Amino acid sequence: MNTKNTFTTITLSLYAIAMFYLSGIFWIIEFIISLVIYTLIFYFFHFIWIKIRKKPIMYFWDFTQYFLNRVSVLLIVITTIIWWLAYLFNEIIPAPMPEYTITDGTKTVKFQAMSHIWTPNFYNQIVTNLTNFKKEWWVYFFEWVKPGTKENSEKFNKAIGIQFDDDLYKNFSKLYGVTNQDNSKFMGLENDLDFNVDLNMDEIVSLYDEKMSQKPEWEKEYKSNLPIDANKTIMDALVWLNDRQLKLLVYINQAILNFIIWSENTQSFLTDNFANKDLFDVILWERNQVLAEAIINSEHDKIYITYWLLHFKWVMKLLQEHDSKWKIYWEKYLYPIKN
């Protein structure tokens, strides 16, 4: 057995062992069957291509050895890239979630960037921070879209393309090994100065309708297709995963989350290409104005805020347009997904 065949045998054997560990004998059988099928398919294309070029045809066994060696190299390359990137973003450079302290010389605002799914440790750290600040009589501004009518909720779901309900973030978090944000943990800490600074669903849909009314007639209708039932899709996926498979998927998904937080370009690409941009503009921009106005008009001069990460730079811009004295005084970071 030459060096290439030895490499092929060792590589495919290791992958077979890994598959047996993850999913038992059936994945090994599927893996072998797949290799056989793809070998036959590529040998057929090789046969046709060589016939056209009128060159000597490689014997099937020789082609099989060559093809399996190429497959082995490809598997090693793909696995190395995926695993290294996952390790890089999960272990070496996990994405930070900032807490900005901003001031205009009179008011001081702490803006803790948030997301609706993160690790329990991240939320516990925020509870500790918020408790300490409220002991000094800071007030708490938080983000949470208030419910609206059933009709407007259905309109929103059609516009965004996903069926939202109370369990969505809870079920979604299972694929990422995290937990969903529970606002009740942040309520009533030390004092009752907690303020929901956000729009309600009826206001969001009304603003979206107004925005769509300015567009050509063919763009005005809500999507005719029913929104995806994300809860069902997630639960169906979880049914087919055993604990070992889920653990591997969670690790990769956490790396993806860390990468998205790190890269503003990726965030922009996702929102521009995979979201209803008109609705996203309402969700982001209109709520920016609500939050900025609440800060400006508040009678309180020490405010702790938990709001989605993407809002900060635009809220800061609105504050500076109102008063150029607003500036970032301090930044510190928490690590929402750090293994």
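These notes cover the structure that comes with them. (Residues numbered from 1 in each chain as written. Predicted model: local features only at pLDDT ≥ 70, side-chain atom pairs only at ≥ 80, totals over all residues. Heavy atoms only, no water.)

**Looking at the overall build of the protein chain**
Scanning the protein chain for helices and strands turns up 12 helices and 8 strands. The C-alpha radius of gyration computed for the protein chain amounts to 27 Å, which surpasses the reference 20 Å derived for 339 residues by more than 25%, pointing to a less compact arrangement than a globule. C-alpha atoms of the protein chain, sized along the principal axes, occupy 85 × 50 × 40 Å. With 339 residues in all, the protein chain has 41% of them scored as buried. Look at the contacts in the protein chain between residues 6 or more apart in sequence, and 80% of them connect residues 24 or more apart. Surface summary for the protein chain: the accessible area is close to 20,300 Å², and the carbon and sulfur share equals 62%. Between the averaged position of the 33 positive side-chain charges in the protein chain and that of its 38 negative side-chain charges there is a distance of 11 Å. (Helix = DSSP H or I, 4+ residues; strand = E, 2+ residues; numbered from the N terminus. Rg over C-alpha atoms; globule rule 2.2 N^0.38 Å. Buried < 20%, exposed > 50% of the residue type's maximum accessible area, 1.4 Å probe, protein only. Contact = heavy atoms within 4.5 Å. Areas by Shrake-Rupley, 256 points an atom, 1.4 Å probe, with all protein chains shown as cover. Lys, Arg positive; Asp, Glu negative; His and termini not counted. Charge placed at Lys NZ, Arg CZ, Asp CG, Glu CD.)

**As for the pairing of strand E2 (residues 108–114)**
Burial runs high along E2: 6 of the 7 residues are buried. Direction of pairing for strand E1 (residues 97–103) relative to E2: antiparallel, over a ladder of 5 bridges. Its bridge partner lying in E2, Thr 101 is registered against Lys 110. Adjacent in sequence and paired antiparallel, E1 and E2 are bridged by 4 residues, among which Gly 105 carries a positive phi angle near 95 degrees. (Pairing = 2+ DSSP bridges.)

**A look at the packing of aromatic side chains**
Applying the stated criterion across every chain yields a total of 22 aromatic pairs. Taken together, the ring pairs connect Trp 118, Phe 122, Tyr 123, Phe 133, Trp 138, Tyr 140, Phe 142, Phe 186 and Tyr 304 into an aromatic cluster. Positioned above the aromatic ring of Tyr 21, the side-chain terminus of Arg 244 is 4.1 Å from the ring centre. (Phe/Tyr/Trp six-rings, centres within 6.5 Å; stacked < 30°, edge-to-face > 60°. Lys NZ or Arg CZ within 6 Å of the ring centre and 35° of its normal.)

**A few points about the nonpolar core**
The tendency in soluble globular proteins is for nonpolar side chains to be buried as a group. With 28 residues, the main nonpolar core has Met 97, Trp 118, Phe 122, Ile 126, Phe 186 and Tyr 304 as its most contacted residues. Those elements giving two or more residues to this core turn out to be E2, strand E3 (117–118), helix H4 (120–135), strand E4 (139–142), helix H8 (230–239) and helix H9 (243–262). Every residue in contact with Tyr 304, bar those within four places of it in the chain, is listed here: Glu 99, Lys 110, Gln 112, Ile 126, Asn 129, Leu 130, Phe 133, Trp 138, Val 139, Tyr 140 and Phe 141. Formed by 19 residues, the second largest nonpolar core is a distinct cluster that contains Phe 111, Val 139, Tyr 307 and Val 315. (Core = buried A, V, L, I, M, F, W, Y, C linked by side-chain atoms within 4.5 Å.)

**Overview of the environment of Lys 317**
You can see Lys 317 is positioned in helix H12 (residues 312–322). Note on Lys 317: relative accessible area 38%, which makes it partly exposed. Taking C-alpha positions, Lys 317 is 17 Å from Gln 112, a pair spaced 205 residues apart along the chain. There is a polar contact of 2.7 Å between the side chain of Lys 317 and the side chain of Glu 321. (Polar contact = N/O pair within 3.5 Å; in protein donor to acceptor, adjacent residues only side chain to side chain.)

**So, the packing of helix H1 (residues 3–23) against helix H2 (residues 25–53)**
Between H1 and H2, the shortest axis-to-axis distance is 7 Å and the interhelical angle comes to 140 degrees. By the criterion of interaxial angle, the relationship of H1 to H2 is oblique. Taking contact as the criterion, the partners of Leu 12, Tyr 15, Ala 16, Met 19, Phe 20, Leu 22 and Ser 23 in H1 are, on H2, Ile 25, Phe 26, Trp 27, Ile 28, Phe 31 and Leu 35. (Axes fitted to C-alpha atoms, helices over the stretch in contact; angles between N-to-C directions. Parallel < 35°, antiparallel > 145°, perpendicular 65-115°, else oblique.)

**What to know about the pattern of salt bridges**
Between side chains of opposite charge, a pair can form when the charged atoms approach closely. Evaluated as defined, the whole model comprises 7 salt bridges. Across the pair Lys 155 and Asp 209 runs a salt bridge, and its minimum N-O distance is 3.8 Å. Residue Lys 155 is found in helix H5 (residues 150–160), and its partner Asp 209 is found in helix H7 (residues 201–213); the two are separated by 54 residues along the sequence. Here Lys 155 falls in the partly exposed class, since its relative accessible area comes to 25%. A residue is classified by how much of its surface remains accessible, and Asp 209, at 28% relative accessible area, is partly exposed. For Lys 211, the salt bridge identified is with Asp 281, shortest N-O distance 4.0 Å. Taken as a pair, Lys 211 in helix H7 and Asp 281 in helix H11 (residues 277–297) lie far apart in primary sequence, 70 residues in all. One connected set of salt bridges, linked through shared partners, spans Glu 143, Asp 198 and Arg 287. (Salt bridge = Lys/Arg side-chain N within 4 Å of Asp/Glu carboxyl O.)

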